[in-house]
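# Residue-level structure breakdown
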Amino acid sequence: MQFEFEVQGTGTLLVYRMEEEQRLDSLTMGMMRNNKIEGVLPLTYSQMDSDRFLKYNVSSRISLEQYFNGIVNKKRLLGVMKSIASAVVNAREYMIEPSFLVFDKEYIFVDVSTAAAQMVCLPIERENGEAANLEHFFKELVLGVQFDVSENCDYVARLLGYFNSNTMFSVEDFLTMLRQLERGETKEAPEPTPAEQKPPVPTPTEQKPTEQKLSQPTPPIPSPPLPGGARREAESAAAQSNPISAPVQRGKEKSSAQPKKGIGFSLFGKKSDKSKTPPKQKAEKAGGISLPGRSTGTVPGIGAASPSVPFSPAVPGAVQEKTDREKDFGGIGTSYTAPSYEKQKASFGGTVVLNAGNKSAGTVVLNGQNAPAPQPVPYVLRVKNGQKVFLNGDVMKIGSDPSYTDFSVADNRAVSRSHADIRRKGQGFVLVDNNSTNHTFADGRMAAPNEEIPLADGMKFQLANEEFEFHLM
């Protein structure tokens, strides 16, 4: 398409030069002249001799190509797509088909403060009028941006799911979904509130009672009759374990709890007097093994017949051969000598510098000749207050809108919201004006819109009436 930019006073115009064989569509041209369609740039028609022009005012707006340069958040992406879809719907209301709109990111212009895009309408007759593939355009728009991973990107999955579905694309339905995503809704239709949800009415088949197996009580097993003393002891033990169910016999608690000596017998054999402690066995007379930290002791399972041998703790991973004596005793109570490990001093080698004659192994450090040369760090200096901003990426945006620009000049209303960009190009940097209202000046002249002006270290430039300097350090 033959578009070019033209500066008229404080405004920037996008100009389309018509070819000789091209003719205007009278219906579309009349609708554009007599109506203001939201989302569509107003146009003016002019003719000079045989040259015909269609002009659009794009002052203080940047192209969608520039707007989506870098990381794009949810607000910017949904705002742009919603405004484009709205422009298509609004144009149809004025009998303007989408084929008359230009779906090119370079010629769709965005207001950075509102994220609203405006379309260019070319009211030119087309013999083979091809319908615009809106679904393909929006899908490529989503796939061509770099999303902000610091926020929830579930909306991207829903957009791609809509494009990949088999349903026929409808711009009205797509616009409805965009508005839902903008409000944070995640489903097509809102779910009913809990008050509206009625419990399901059970069907007769659902009302089958569940069979519960009741456990029948186990009949008590009669115990053999016991003598009087044993019986009193059993009743006393049952009363202590279950005082609620045991009957209380007044006046006999003492006698039942403490039976007389020599009366009755114990079910579990002869009672042992706990107050008397058995005499300790002497370790010297019994066979055993030596434990670490103790002289001699006994080990359960090893009788007096076991030979008394010294015992050393086993070392994991050490394999010892069994002697004839160990084989005779089956490895029980046997002894072996733990292998001794000599502590070795760790040595990791030294750092080696290339071409220094050191042959020891270790980390190799490149010499200064092979190291890459440091890259210059660019920054922009605001002359008025000495403010410095470094260029960390490939683009620095300068303007009065702090939510969009990297270098904000919010206290100067003469500077446009996205006035100009400094871009990295090859090994250097260029200054580009973004259709600003009060223009950009460098090298003593006014820069044309979207013109790339090379920058050098110490070079001065001016945005409206604000002076800046470009430096490399």
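To keep things clear, this report deals only with the structure shown in the data block. Fair warning: this is a prediction, and the values are worked out from it, not measured in the lab. (Residues numbered from 1 in each chain as written. Predicted model: local features only at pLDDT ≥ 70, side-chain atom pairs only at ≥ 80, totals over all residues. Heavy atoms only, no water.)

## Observations concerning the nonpolar core
One broad trend across soluble globular proteins is that nonpolar side chains are buried collectively. One finds Y67, M81, F138, L159 and F174 to be the most contacted residues of the largest nonpolar core, which totals 64 residues. Residue contributions to this core peak at 10 residues, all from helix α3 (residues 74–93). Those residues in contact with F138 that sit more than four places away from it in its chain are M81, I84, A85, F163, F169 and F174. Ranked by size, the runner-up nonpolar core spans 22 residues in total, among them V415, F429, A442 and L455. (Core = buried A, V, L, I, M, F, W, Y, C linked by side-chain atoms within 4.5 Å. Buried < 20%, exposed > 50% of the residue type's maximum accessible area, 1.4 Å probe, protein only. Helix = DSSP H or I, 4+ residues; strand = E, 2+ residues; numbered from the N terminus. Contact = heavy atoms within 4.5 Å.)

## A word on the sheet that holds strand β17 (residues 428–433)
On the basis of which strands lie adjacent, the open sheet formed by 5 strands has the order β15-β14-β16-β17-β20 and mixed pairing. Pairing within the sheet leaves two strands with one partner each, and these edge strands are β15 (407–408) and β20 (452–455). The pairing of strand β14 (residues 395–399) with β15 spans 2 bridges and is parallel. Residue G399 lies in a different strand from β15, and its bridge partner there is S408. (Pairing = 2+ DSSP bridges.)

## What to know about unusual backbone geometry
Of all residues except glycine, most have a negative phi; of all peptide bonds, most are trans. In this structure, S60 takes a positive phi of about 60 degrees despite not being glycine. Here S60 lies in the loop between β4 (51–57) and β5 (62–63). The backbone of D443 sits at a positive phi, close to 55 degrees, despite the residue not being glycine.

## Points about a nonpolar patch on the surface
On the surface, V377, F390 and M473 cluster together to form a nonpolar patch covering roughly 280 Å² of accessible area. Take F390: it is sitting in strand β13 (residues 387–390). (Patch = residues over 30% accessible without salt bridge, like charges linked within 9 Å, V, L, I, M, F, W, Y side chains within 5 Å. Areas by Shrake-Rupley, 256 points an atom, 1.4 Å probe, with all protein chains shown as cover. Salt bridge = Lys/Arg side-chain N within 4 Å of Asp/Glu carboxyl O.)

## Overview of the pattern of salt bridges
Tallied over the entire structure, the rule returns 12 salt bridges. The partner of R92 in a salt bridge is E172, and the shortest N-O contact between them spans 3.8 Å. Taken as a pair, R92 in helix α3 and E172 in helix α6 (residues 171–183) lie far apart in primary sequence, 80 residues in all. For R92, a relative accessible area of 36% corresponds to the partly exposed category. For E172, a relative accessible area of 37% corresponds to the partly exposed category. Put simply, R382 and D411 hold a salt bridge, and the shortest N to O gap is 2.9 Å. One end of the pair, R382, is in strand β12 (residues 378–382); the other, D411, is in the loop between β15 and β16 (420–425), with 29 residues separating them in the sequence. Judged by relative accessible area, which is 3%, R382 ranks as buried. On the basis of relative accessibility, which here comes to 53%, the residue D411 falls in the exposed class. Here the salt bridges share partners, and the residues they tie into one network are R382, D411 and E466.

## Topic: the packing of aromatic side chains
One pass over the structure, following the stated rule, counts 18 aromatic pairs. Arranged with centres 5.5 Å apart and planes meeting at 20 degrees, the rings of Y67 and Y404 form a pair that is stacked. Residue Y67 is found in helix α2 (residues 64–67), and its partner Y404 is found in the loop between β14 and β15; the two are separated by 337 residues along the sequence. Classification of Y67 by relative accessible area gives buried; the value is 1%. Relative accessible area serves as the criterion here: at 8%, Y404 is assigned to the buried category. Between F138 and F169, the aromatic rings sit 6.3 Å apart at their centres with planes inclined by 35 degrees, giving tilted as the arrangement. Of the two residues, F138 is situated in helix α4 (residues 134–143) and F169 in the loop between α5 (154–164) and α6; the sequence distance between them amounts to 31 residues. Residue F138 is classed as buried on the basis of its relative accessible area, which comes to 0%. Three or more aromatic residues link up through ring pairs in this structure, and these residues are F103, F137, F138, Y162, F163, F169 and F174. Stacked on the ring of F53, the Lys or Arg K55 has its end atom at 5.9 Å from the ring centre. (Phe/Tyr/Trp six-rings, centres within 6.5 Å; stacked < 30°, edge-to-face > 60°. Lys NZ or Arg CZ within 6 Å of the ring centre and 35° of its normal.)

## Some details on the sheet that holds β5
Spatially, β5-β7-β8 is the arrangement adopted by the 3 strands of the open sheet, whose pairing is antiparallel. Edge positions in the sheet fall to β5 and β8 (116–118), since each of these pairs with one other strand and no more.

## Remarks on the packing of α5 against α6
At their nearest, the axes of α5 and α6 sit 11 Å apart, and the two run at 170 degrees to each other. As judged from the angle between their axes, α5 and α6 are roughly antiparallel. Both α5 and α6 take part in a crossing whose hand is right-handed. Counted together, Y155, R158, L159, Y162 and F163 of α5 and D173, F174, M177, L178, Q180 and L181 of α6 form the full contact between these two elements. Here the residues of the contact of α5 with α6 are counted per class, giving 8 nonpolar, 1 polar and 2 charged. (Axes fitted to C-alpha atoms, helices over the stretch in contact; angles between N-to-C directions. Parallel < 35°, antiparallel > 145°, perpendicular 65-115°, else oblique. Left-handed = near helix turned anticlockwise from the far one by under 90°. Nonpolar A, V, L, I, M, F, W, Y, C, P; charged D, E, K, R; others polar.)

From the geometry alone we can't say anything about function, so treat these as descriptive.
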